[in-house]
Structure formats: C-alpha cells, structure tokens
Number of protein chains: 2
Amino acid sequence: MENLQNILVVDDEETICEVLKLNLEIAGFNVDVANSAEEALALNMECYSLILLDVMMGKMSGFELAGIIRSTERLKDIPIIICTAKDSEDDLVEGFSRGVDDYIKKPFSMRELVLRVKSVLRRAAGKGEASTLKYKTLTLDVVGKSCSMGCKRIPLTKKEFEILHLFLSYPGRIFSREEILNRVWDDDVLVIDRTIDVNINRLRRKLGEYGNNIMTKLGYGYGFQQ
Amino acid sequence: MENLQNILVVDDEETICEVLKLNLEIAGFNVDVANSAEEALALNMECYSLILLDVMMGKMSGFELAGIIRSTERLKDIPIIICTAKDSEDDLVEGFSRGVDDYIKKPFSMRELVLRVKSVLRRAAGKGEASTLKYKTLTLDVVGKSCSMGCKRIPLTKKEFEILHLFLSYPGRIFSREEILNRVWDDDVLVIDRTIDVNINRLRRKLGEYGNNIMTKLGYGYGFQQ
DNA sequence: GAAATTTGTTATACATTTGTAACATTAACG
DNA sequence: CGTTAATGTTACAAATGTATAACAAATTTC
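It should be emphasised that the depicted structure is a prediction, and the values quoted were computed from it without experimental measurement. (Residues numbered from 1 in each chain as written. Chains lettered and ligands numbered in written order. Predicted model: local features only at pLDDT ≥ 70, side-chain atom pairs only at ≥ 80, totals over all residues. Heavy atoms only, no water.)

**Student:** Please clarify how the protein's contact with DNA strand C should be interpreted in this entry.
**Tutor:** Close to DNA strand C lie 25 residues; Thr157 and Arg202 of chain A together with Thr157, Trp185 and Arg202 of chain B are nearest. A breakdown of the atoms of DNA strand C within 4 Å of the protein gives sugar and phosphate a share of 61%. Between a phosphate oxygen of DNA strand C and a main-chain N or O atom of lysine 159 of chain B, the distance comes to 3.3 Å. Those elements that provide at least two residues to the surface near DNA strand C are helix 6 (158-169) and helix 8 (193-206) of chain A together with helix 6 (158-169) and helix 8 (193-206) of chain B. Residue contributions to the surface near DNA strand C peak at 5 residues, all from helix 8 of chain A. Of the residues belonging to the surface near DNA strand C, the class tally is 12 nonpolar, 6 polar and 7 charged. (Near = heavy atom within 4 Å. Polar contact = N/O pair within 3.5 Å; in protein donor to acceptor, adjacent residues only side chain to side chain. Helix = DSSP H or I, 4+ residues; strand = E, 2+ residues; numbered from the N terminus. Nonpolar A, V, L, I, M, F, W, Y, C, P; charged D, E, K, R; others polar.)

This is the structure in structure tokens:
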C-alpha cells in the first residue's frame, strides 16, 4: 500500500479525532492525530498531503496554525481544510487570507467530509486545476466564490452561488427540492419549497443564455443540463 | 422474486416495527423484524442487506448491537442505519465511531426513511450515484430522470418514468396492477386500475418501437420483455 | 441605525400531468 | 361464431406543478 496519502487531523477533542481518523481510514487514507496546534508543530508535517484543522483549540487556534504552515517554505503548499462551528463571514475572510483551501461546517456528515477531502486533494494534485467548475464560458470559482461568463463577472448571492455550485458539481443530475434544501440551506432553517423555485428563477435570469441550462424536471426538481 | 433485498428492523415497539415493515415492503424490500437486540442476535443476520436499528431499546442499545455487528467478521460489512430520538452530538459521535452508515432522526417520514435506505444501499453497492438502465439503445438515466433512444431524447412524465424505471429494474418480470400502484404511486392516493392501463398506453407510444417490449400478460399485469 | 442587499413568502397566472369515463378493440372460451 | 371479460384508445376535466411579480422580512454594509 504505497499510495496511501497521509492526512493530519488537529483537534483537541479526543472523540472527534477518533471519529475523523476512523472514517478517513475507511476512505483509504493514512491518518495521524495531533491534539493541539503545538503538538502538530512538533511533528514533521512535511509528509502530509492534507491537514484538517479545527478552529477552536486550546492555546493556538486553527487559523494561527494555518498561518504558520502557509508561511513555512517547505509546508506552504499543503492543502488545509478548516472545521468551523459556524460559517461566520469573519471566519471565511480570516481563513482565505491565510490561504485555507476549504471549509467544513460542524456538524458535518462523514460522507461530506470525505468528499471534501478528496476534492481538495484532487485540486491540489492538478495544481489549481479544478478549483473552478466550468461549462462553456461559464466559470464558477469555487474558492473565490465568484462567477463569470467569459470576461464578464456575474455577481451571485450566496444562495444562488451555492445552488449553481451544487448543480455544476453533478451536471445532468436532477436534485429534488429536498436535496437542494439539505445541501444549500442550513439544517435548522425551515423554508418552503417555493423558496427554491424563486431562487432558481433568480439564478436563471442572472445566467442569461445559460439560464436555459437549468432545467426543470416536473415532479422531480431541478438540475443543470450540459 | 430473486432480487428482493432483505432488511432487518430492530425496535422494541411493536407498532413502529409494523409501520416500518409495511412501508419498506411497499417500497419493494423484504423485511424481517426483531423486537430486541438479543432477538436480533439470535437470527442469522448474514442474509440482510441492511439493518435498521433503534437506539433506545430494553437491555441492549442500538449502539451496542451496532458495535457487535461491526466486530463480527461475517456481518461487519452490512450497512446500518440508526433511528435516534435526539440528534445530540454525543449520539452522532458514538454512532460514527461504531461505523454506523447513516442516521435518521425521529420523527421521520416514511418517504424519508425509504430514501435513506435506498441511498445507503446504493452507496454500499459500490456504484456511486450515477446509474442508468439500458435495453439496446433505450437508456434511462435514473439520476437525471431522463430517457433517450440513441441520441434522441424521449420526454417522459413522472409516472411514465417511474413505471419504466420499475420495469427495466426487473426485465421480464410481470407486475400486477397492485404492485405497480404500490411502487409508483404515493401511498395515500387512490386511483383505479384502469389508470395504469392508460399510463402504460402513453408510455408505449412514447417509446416507439420499444413500446412493443412492454407486454401485457392478460389477467396478470404488465412488464418489460427483453 | 439607516440604506442597501439578500432572502423568504404569498398570490396569481400559466402549463403540464394525471385520472376518469366512454367507447373501441382484442383475447379467451364455450 | 358469439358472448364475456380484459385491455386499448381517446378526449376531456381535474389536479398538480411551476414561473413570475410584488411585497415583507431579515441580513449585511457603511
């Protein structure tokens, strides 16, 4: 088993670490654990393909550790995923300014985590290759959270962006309103189905000619048609 | 009926068990019930494709049973879904650490349950999300909810799609009108048998030459002939 | 904390799907 | 053959699903 990729998990909660480790191992990764930023720094981090950081930790926060990693020459290209309790804008800004590659909000499913990890690794392997999703001249910059058609920028709101992100991640697939709700809206909010229709409508308009690629499948839901 | 997948439901509440059993059977599964973890252990669990566990049960909890299943060599790959009253972090952590595949919070709708069950089974089957059913040039894109003959798209309505989906899932099998009703129509709707005939007719027409593959077995029902 | 933006809801118009009834056709069987 | 039962076909009404606009509420921004 040569090809196993090493992942470092840094979190001060033992149980969380164990869960993460177990699930990532099941997904085929080799996982090491550090229970604090300091403990992580004591390791030779060079060997990891990806580092998974919790924001909230004892002395040094995940952000700080991310900053250190990014400013260390031999570590600066290692992808970092931050686990954050809430996705406050502040966190996002702080994270991006420190070069974090992806976020995952707690509580997250293990399935989702594994998907993100794989996605980030894929991106890293191709060197920025797939940090964007494309269809013809339509480009979605997943990291920069922006959208453009050719040279023209299309300002999307968060919901619009997330919906398009979901659709372009699985072109051709039809998502039920329930699925869209689960993946775009927070778990605790309660919105009616019509809300999705309205957001789809707004997105369609902003996408101009590409708006027609967002198809309605009567009785099923919506999706992006290639 | 070879292809029926077996599901084991373990719950100490008789009524819950009955409801689950009924609904899963309608969804096309074969369901056995155990009223306690101990009772479940007495069964030969090897034959089940999925085990649905309640957390709260008399002596042994669902988690404990999950732990036992996971640590038993010949059972350890069977997918497990846990039904939990509360979604406390603790429960989630405990569950994932024992290798549970999915959660469902009470109270849940039967529709949701069936969706989760199918999703977990699909995952377990190893074939990701993408799946199509084919017969010659006829292709049914199950995730895209679309149908095509060669390059030509055949727009199907939801009912038409669902009927064809059912038929192509078990080519050669004849479905009684009652079976078709149970699998294609929602539980609470009440339609007459002739409705199915009409929908079959519509489907046949849209399928053109393949329409002839939908055969009528007089006095029994309909099916797709390979 | 006021203005601007985003997001959710409601209401209405519109389009499609679906169910049913009525009648036509076909198969089974004496 | 002719009768009966089952299924095929058609047309239309009813039910359902979706698009859109307008407004209200929430959130963000300055």
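**Student:** Explain the pattern of salt bridges here, please?
**Tutor:** Once the charged atoms of two side chains with opposite charge are near each other, the side chains can pair. All names here are of chain A. Following the criterion strictly, the structure yields 11 salt bridges over all chains and no others. Glutamate 160 is the partner of lysine 206 in a salt bridge, and the nearest nitrogen-oxygen pair spans 2.8 Å. Of this pair, lysine 206 sits in helix 8 while glutamate 160 sits in helix 6, and the two are 46 residues apart along the sequence. On the basis of relative accessibility, which here comes to 3%, the residue glutamate 160 falls in the buried class. Among the ionic pairs, arginine 177 bridges to aspartate 197, the shortest N-O distance being 2.8 Å. (Salt bridge = Lys/Arg side-chain N within 4 Å of Asp/Glu carboxyl O. Buried < 20%, exposed > 50% of the residue type's maximum accessible area, 1.4 Å probe, protein only.)

**Student:** What is the right way to read the packing of helix 6 of chain A against helix 8 of chain A from this model?
**Tutor:** The description of two helices packed together rests on the angle between their axes and the distance between the axes. All names here are of chain A. Running from N to C, helix 6 and helix 8 cross one another at 80°; their axes reach a closest spacing of 10 Å. Classed by the angle they form, the pair helix 6 and helix 8 counts as roughly perpendicular. On helix 8, the residues touching Lys159, Glu160, Ile163, Leu164 and Phe167 of helix 6 are Asn199, Ile200, Arg202, Leu203 and Lys206. Among the residues making up the contact of helix 6 with helix 8, the classes are represented as 5 nonpolar, 1 polar and 4 charged. (Axes fitted to C-alpha atoms, helices over the stretch in contact; angles between N-to-C directions. Parallel < 35°, antiparallel > 145°, perpendicular 65-115°, else oblique. Contact = heavy atoms within 4.5 Å.)

**Student:** Just to check I follow, could you spell out the side chain of arginine 70 of chain A for this structure?
**Tutor:** All names here are of chain A. Along the chain, the position of arginine 70 falls in helix 3 (residues 62-70). Engagement of the side chain of arginine 70 in a polar contact is seen with the backbone oxygen of lysine 76, the distance being 3.0 Å. Within the structure, arginine 70 has its side chain in polar contact with the backbone oxygen of isoleucine 78 (distance 2.9 Å).

**Student:** Which parts of the structure should I look at to understand helix 3 (residues 62-70) of chain B?
**Tutor:** Within an α-helix, residues lying three or four positions from one another point in the same direction, as the helix has 3.6 residues per turn. Among the residues making up helix 3 of chain B, those that are buried are Gly62, Phe63, Leu65, Ala66, Gly67 and Ile69 of chain B. One side-chain oxygen of the residue at the start of helix 3 of chain B lies 3.1 Å from the amide nitrogen of glutamate 64 of chain B, identifying that residue as serine 61 of chain B.

**Student:** Explanation requested: the pairing of strand 11 (residues 214-217) of chain A in the structure shown.
**Tutor:** Every other side chain in a regular strand lies on the same face of the sheet, so the side chains alternate between the two faces. All names here are of chain A. Bridging between strand 11 and strand 12 (residues 221-224) involves 4 bridges; their strand directions are antiparallel. Each residue of the ladder has a partner; that of methionine 215, found in strand 12, is glycine 223. Adjacent in sequence and paired antiparallel, strand 11 and strand 12 are bridged by 3 residues, among which glycine 219 carries a positive phi angle near 90°. (Pairing = 2+ DSSP bridges.)

**Student:** Is there a simple way to explain the protein's contact with DNA strand D in this structure?
**Tutor:** Residues in contact with DNA strand D amount to 24 residues; listed here are only the nearest, Arg205, Thr216 and Tyr222 of chain A together with Arg205 and Tyr222 of chain B. Within 4 Å of the protein, the atoms of DNA strand D are drawn from sugar and phosphate moieties in a proportion of 66%. Between a phosphate oxygen of DNA strand D and a side-chain N or O atom of arginine 204 of chain A, the distance comes to 2.9 Å. In the environment of DNA strand D, a base nitrogen lies 3.0 Å from a nitrogen or oxygen atom belonging to the side chain of arginine 194 of chain B. Counting residues per element, the ones that place at least two in the surface near DNA strand D are helix 8 and strand 11 of chain A together with helix 8 of chain B. With 7 residues, the top contributor of residues to the surface near DNA strand D is helix 8 of chain B. When the residues that make up the surface near DNA strand D are grouped by side-chain class, the tally is 6 nonpolar, 6 polar and 12 charged.

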